[in-house]
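One letter stands for each residue in the lines below.
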Amino acid sequence: MANNGGSSYKSNSATERLYNGLVKENPTFVLMLGMCPTLAVTTSAVNGLGMGLTTMVVLALSNMIISLLRNIIPDKVRIPAFIVVIASFVTMVELLLEGFLPALYDALGLYIPLIVVNCIILGRAESYASKNPVIPSLFDGIGMGLGFSFALTCIGAVRELVGAGEIFGLHIMPDGYVPCAIFIMAPGAFFVLAGLTALQNKIRIQGEKKGKDMSKIQSGCSEDCMNCGEKGCSHRFYGASDGNGGETGKSSGRQGQAGKDGKGRG
Amino acid sequence: MVKELLIILISSSLVNNVVLSQFLGLCPFLGVSKKTNTAAGMGVAVIFVITLASAVAGVIYQFVLKTLGITYLQTIVFILVIAALVQFVEMFLKKFMPSLYQALGVYLPLITTNCAVLGIALTNVQKKYGILTGVVNGFATAVGFTISIVILAGIREKMEYNDIPESFKGMPIVLVTAGLMAIAFCGFSGLL
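So, here is what we can say about the structure in this document. (Residues numbered from 1 in each chain as written. Chains lettered and ligands numbered in written order. Predicted model: local features only at pLDDT ≥ 70, side-chain atom pairs only at ≥ 80, totals over all residues. Heavy atoms only, no water.)

**Regarding the overall build of chain B**
- What chain B contains, in helices and strands, is eight helices and zero strands.
- Taken from the N to the C terminus, the helices and strands of chain B come in the order α-α-α-α-α-α-α-α.
- On the principal axes, the C-alpha backbone points of chain B span a range of 60 × 45 × 30 Å.
- Per-residue burial over chain B gives 55% buried out of 192 residues.
- The contacts of chain B with a sequence gap of at least 6 include a subset with a gap of at least 24, amounting to 78%.
- Charge-centre separation for chain B: the mean point of 11 positive side chains lies 11 Å from the mean point of 6 negative side chains. (Helix = DSSP H or I, 4+ residues; strand = E, 2+ residues; numbered from the N terminus. Buried < 20%, exposed > 50% of the residue type's maximum accessible area, 1.4 Å probe, protein only. Contact = heavy atoms within 4.5 Å. Lys, Arg positive; Asp, Glu negative; His and termini not counted. Charge placed at Lys NZ, Arg CZ, Asp CG, Glu CD.)

Next up, the structure:
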């Protein structure tokens, strides 16, 4: 599909993919994608870890299948096709969680089926798996998933520590500490994320002063998650910035103009 | 019946606000809230799409998925139906209601399958709402979205001229604002 997209990759080794997902392009800390689940489920470190690992499983498997099918799926219907693949895995994972980990299933609730609309998954399918061989795609999914899990666990741990004085259910704060319960409620999620984005901004500003390319570091995504593929978020991923979003966006028959309109206002 | 619907109306729009307490539809909430009028346009488009989508998803769930006993396929079916529906609405408005299309057209593709749209369809199933209740719930949720995005846009317009620390410019200060709004909306929990 996207012509020479693959030629710019220097290395596709498994370790490089894992490093990329965990550090270089960490979906939460660097790219700030998939914010809805990030805010909603990080009320404790366990929930964050659970959500992260669930997403990782879906991401790795869907990346693998999409990569296997990348030469079969016609370009025009690729986004719906990706969505069907992703939604199938999400359904499987949801049923498995319901059966074997009911406590986690109850804690995550609605956000398990909503993994379907997580920008990271569709973004990876569009920007990586649909252009690369199976094994690197699988490891790419695992790397991104680990990065996401790591980030969610950290955010969850911070919120749990401040809001309840514990991490993973272990009491950590001294006895005199009065938990600031707002941090495990909805407003706390916004405040923690605000702190995180402020930190990110600071790092970016400092990096730019030193003349480094910090264009990848951005806060938030103004697009609809499902437009990820077309000029939405996926162009911020590694190697997908060669401007093919425009043409391929049109060819998918819908949302072609969405990205542009979004950009105009954004 | 009417009382039940009223309760749903208030709880979905104010008490359990879709953005500020459930974190659905966060992308447009943060992205399209720079100006009040674009925010209002987005809000109206969201009301339109969510109400329609919850009606269609409700009908499909009750008459197709339930009858065939394949409710486990709901996620896949809903997302495809919603994506197709928005596409269809866009074409329909373009052809038959050009003036409405002019007003909403820009926003429609942006909310094709916004997490909120799928989220409401799934919530309606989870809470075992019927079709009418589901539609009311969808409408109320979307109204809640509109209220919060318009308020945020208003605050952001005022904030333009404020002196904000360098690293808090842009997204961080918007998130702080959203957090404060979420605290304010917590006050509504006493309503019911």
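Anyway, onward from the coordinates.
**Description of a nonpolar patch on the surface**
Residue and element names in this part refer to chain B.
- A contiguous nonpolar surface patch, about 600 Å² in accessible area, is contributed by F88, M91, F92, F96, M97 and L100.
- Considering every element that reaches the nonpolar patch, the biggest residue donor is helix α4 (residues 74–96), with four residues.
- Relative to the helices and strands, F96 resides in helix α4.
- With relative accessibility at 57%, the residue F96 sits in the exposed group. (Patch = residues over 30% accessible without salt bridge, like charges linked within 9 Å, V, L, I, M, F, W, Y side chains within 5 Å. Areas by Shrake-Rupley, 256 points an atom, 1.4 Å probe, with all protein chains shown as cover. Salt bridge = Lys/Arg side-chain N within 4 Å of Asp/Glu carboxyl O.)

**Observations concerning the pattern of salt bridges**
- Under the criterion given, the structure shown has eight salt bridges over all chains.
- The closest approach of N and O atoms between D140 of chain A and R17 of chain A, which form a salt bridge, is 2.5 Å. Within this pair, whereas D140 of chain A is found in helix α7 (residues 134–164), its partner R17 of chain A is found in helix α1 (residues 14–24), the two being separated by 123 residues in sequence. Considered together, D140 of chain A and R17 of chain A belong to a single accessibility category, that of buried residues.
- Measuring nitrogen to oxygen at the nearest pair gives 3.6 Å for the salt bridge that ties K169 of chain B to E166 of chain B.

**Quick word on unusual backbone geometry**
Residue and element names in this part refer to chain B.
- If you check the backbone angles, F23 has positive phi at about 60 degrees while not being a glycine.
- The residue F23 is located in the loop between α1 (2–15) and α2 (26–31) in this model.
- F23 sits in the buried class, given a relative accessible area of 4%.
- The backbone of K128 sits at a positive phi, close to 55 degrees, despite the residue not being glycine.
- One can find K128 in the loop between α6 (115–126) and α7 (131–159).

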